[in-house]
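Next come the chains, spelled out residue by residue.
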Amino acid sequence: MSLYRTWTSTLVEELDFEREIAHAEHTRTLFKGHPYLYIPTIYPEYSSERIIVMEYIDGVKINEPEKIKEMGF
């Protein structure tokens, strides 16, 4: 399969938000009880294949190491 075909099929899968919702729920199950990982609640009744509605979480991005240090991690 060509690189283009691989890329386009992967992109289509990544843009299927219903599939992404299922992946997030599976990930939530896998990491249930993990003290340093929080997966936001997803509201499937407001979501579709084109939009994911989830809980807002105030936090720090992984690419902000100084802020992470300030938080004590």
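Residues numbered from 1 in each chain as written. Predicted model: local features only at pLDDT ≥ 70, side-chain atom pairs only at ≥ 80, totals over all residues. Heavy atoms only, no water.

Undergrad: Got a sec to walk through the overall build of the protein chain? Specific residues and values, please.
TA: Scanning the protein chain from N- to C-terminus turns up 3 helices and 0 strands. Moving toward the C terminus, one meets the helices and strands of the protein chain in the order α-α-α. When the accessible area of the protein chain is evaluated, it comes to approximately 6,600 Å², of which 59% is carbon and sulfur surface. Where the 8 positive side-chain charges of the protein chain centre and where its 13 negative ones centre are 4 Å apart. (Helix = DSSP H or I, 4+ residues; strand = E, 2+ residues; numbered from the N terminus. Areas by Shrake-Rupley, 256 points an atom, 1.4 Å probe, with all protein chains shown as cover. Lys, Arg positive; Asp, Glu negative; His and termini not counted. Charge placed at Lys NZ, Arg CZ, Asp CG, Glu CD.)

Undergrad: Account for the side chain of S47, with residues named and values stated.
TA: Mapped onto the fold, S47 is located in the loop between α2 (17-30) and α3 (65-70). Judged by its relative accessible area of 15%, S47 falls in the buried class. A polar atom in the side chain of S47 sits 2.9 Å from the backbone oxygen of Y43. For S47, the side chain forms a polar contact with the main-chain nitrogen of V53, separated by 2.9 Å. Excluding anything up to four places from it in sequence, S47 contacts I21, I42, I52 and V53. (Buried < 20%, exposed > 50% of the residue type's maximum accessible area, 1.4 Å probe, protein only. Polar contact = N/O pair within 3.5 Å; in protein donor to acceptor, adjacent residues only side chain to side chain. Contact = heavy atoms within 4.5 Å.)

Undergrad: Requested: an account of a nonpolar patch on the surface, with residues and values cited.
TA: A grouping of Y4, W7, L11 and L15 is seen on the molecular surface, where their side chains present a nonpolar patch of about 480 Å² in accessible area. Exposure remark for W7: the relative accessible area of 52% places this residue in the exposed category. (Patch = residues over 30% accessible without salt bridge, like charges linked within 9 Å, V, L, I, M, F, W, Y side chains within 5 Å. Salt bridge = Lys/Arg side-chain N within 4 Å of Asp/Glu carboxyl O.)

Undergrad: Before we move on, could you go through α2 and cite the residues and values that matter?
TA: Counted at 1.5 Å a residue, the expected span for α2 with its 14 residues is 20 Å, and the 20 Å between its end C-alpha atoms agrees. You can read the cap of α2 off the contacts: a side-chain oxygen lies 3.2 Å from the backbone nitrogen of E18, and it is on D16. (Expected span 1.5 Å × (residues − 1).)

Undergrad: Tell me about the confidence of the model for the protein chain, and please be specific about residues and values.
TA: Looking at the protein chain, pLDDT values average 87 and 99% of them are 70 or higher. For the protein chain, helix α1 (residues 3-14) is the element with the lowest average pLDDT, namely 77, and α3 is the one with the highest, namely 92. (pLDDT = per-residue confidence, 0-100.)

Undergrad: Residues and numbers for the pattern of salt bridges, please.
TA: In total, this model carries 3 salt bridges according to the counting rule given. The partner of R28 in a salt bridge is E25, and the shortest N-O contact between them spans 3.2 Å. Of this pair, R28 and E25 both sit in helix α2, 3 residues apart, which is roughly one turn of that helix. Classification of E25 as partly exposed rests on a relative accessible area of 32%. Between E64 and K67 there is a salt bridge, and its shortest N-O distance comes to 3.5 Å.

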